[in-house]
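So the chains spell out like this:
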Amino acid sequence: MTPPLHFRVGHGYDIHRIVVGRRLVLGGVWFDCGFGLEGHSDADALTHAVCDALLGAAGLPDIGHYFPNTDPAWQGADSQVLLRKVVRALHDGGWHPVNVDVTLIAEKPHIGPRIDEMKVALARTTGLSVDAIGIKATTNEGMDDIGRGHAIAAHAVCLIGK
Ligand code: MG
């Protein structure tokens, strides 16, 4: 196979408030931890950051442009569906994801044991191999709103090629 001739990097960031009464989903994996994230869709901040990284790399508008939180169609939406549409938008422009690397910032729950499941879920959605997906989790050491357990945030970078 001829290697891609053009590469671009992208960066995405997302943050959602923690709320009681919703179930938490991160990277397409559900957690039973007694709280979830506030948002119009399923509020999967990790997946949203990946979407914005891919869109940014391709020079496309951000996730809010494609899936506005004013559109009832995306109420409670599975963010893996959104990510699949993002990858399709990249394909339309001749781009293919090469790799994705994510840092999740969450004081709770304990993310580490679920990272492999998230990689499998994101690989299934994006068409990437599992080893092309990096996910690390850290806390904010009790500082700021994330550190006090009021929110969960994610940073993502990616490479795309054509
Ligand atoms: Mg979001």
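Structure: above.
The rules behind these values
- Here, residues in each chain are numbered from 1, in the same order as that chain's written sequence.
- Given that the model is predicted, a residue must reach a pLDDT of at least 70 before its local features are reported, and side-chain atom pairs must reach 80 or more before they are shown or counted; all residues, however, enter totals for whole chains, interfaces and linings.
- Each side-chain value is worked out from all heavy atoms of the structure, with water and hydrogens disregarded.
- Within this analysis, patches are made of residues with over 30% relative accessible area and no salt bridge. Like charges are joined at 9 Å or less; nonpolar side chains (Val, Leu, Ile, Met, Phe, Trp, Tyr) at 5 Å or less.
- Exposure was quantified through the Shrake-Rupley algorithm and a 1.4 Å probe, taking into account, for residues, occlusion by the shown protein chains and nothing else.
- When a carboxyl oxygen of Asp or Glu lies within 4 Å of a side-chain nitrogen of Lys or Arg, that pair is called a salt bridge.
- Charged residues are defined narrowly, with Lys and Arg counted positive, Asp and Glu counted negative, and His plus the chain ends left uncounted.
- In this description, the location of a charge corresponds to atom NZ of lysine, CZ of arginine, CG of aspartate or CD of glutamate.
- Labels follow the DSSP assignment, with helices taken as runs of H or I lasting at least four residues and strands as runs of E lasting at least two, numbered in each case from the N terminus.
- What makes two strands pair is DSSP finding at least two bridges between them.
- Contact criterion: two residues are considered in contact whenever any of their non-hydrogen atoms come within 4.5 Å of each other.
- Geometry is summarised by axes, namely lines fitted to C-alpha atoms with helices restricted to the contacting stretch, and by angles between N-to-C directions that run from 0 to 180 degrees.
- Any helix carries an expected span of 1.5 Å times its number of residues minus one.
- Within 3.5 Å is the distance limit for a polar contact, defined as a pair of N or O atoms, with the added protein rule that one can donate a hydrogen and the other accept it, and that residues adjacent in sequence qualify only through two side-chain atoms.

Participant: Which residues make up a positive patch on the surface, and what values do they have?
Facilitator: Together, R84, K85, R88 and R124 make up a region of like positive charge exposed at the surface. With three residues, helix α3 (residues 79-92) is the largest single contributor of residues to the positive patch. Mapped onto the secondary structure, R88 falls in helix α3.

Participant: Could you give an account of the sheet that holds strand β5 (residues 96-105), with specific residues and numbers?
Facilitator: The strand order β4-β1-β7-β5-β6 describes an open sheet built from five strands, whose pairing is mixed. Of all strands in the sheet, those bounded by a partner on one side alone are β4 (36-37) and β6 (133-138). Contacting β1 (7-19), β4, β5, β6 and β7 (151-161), helix α1 (residues 45-57) runs over the sheet at an angle of about 155° to β1.

Participant: I'd like a rundown of α3, residues and numbers included.
Facilitator: In this model α3 runs 20 Å from its N-terminal to its C-terminal C-alpha over 14 residues, within 8% of the 20 Å that 1.5 Å per residue would give. Where α3 is buried, its residues touch α1, β5, α4 (115-126) and β7. Capping the start of α3 is the job of one residue whose side-chain oxygen sits 2.8 Å from the backbone nitrogen of Q80: D78. Trailing α3 by a residue or two, G94 shows a phi angle of about 85°, which is positive.

Limitation: the analysis is restricted to geometry and does not speak to function.
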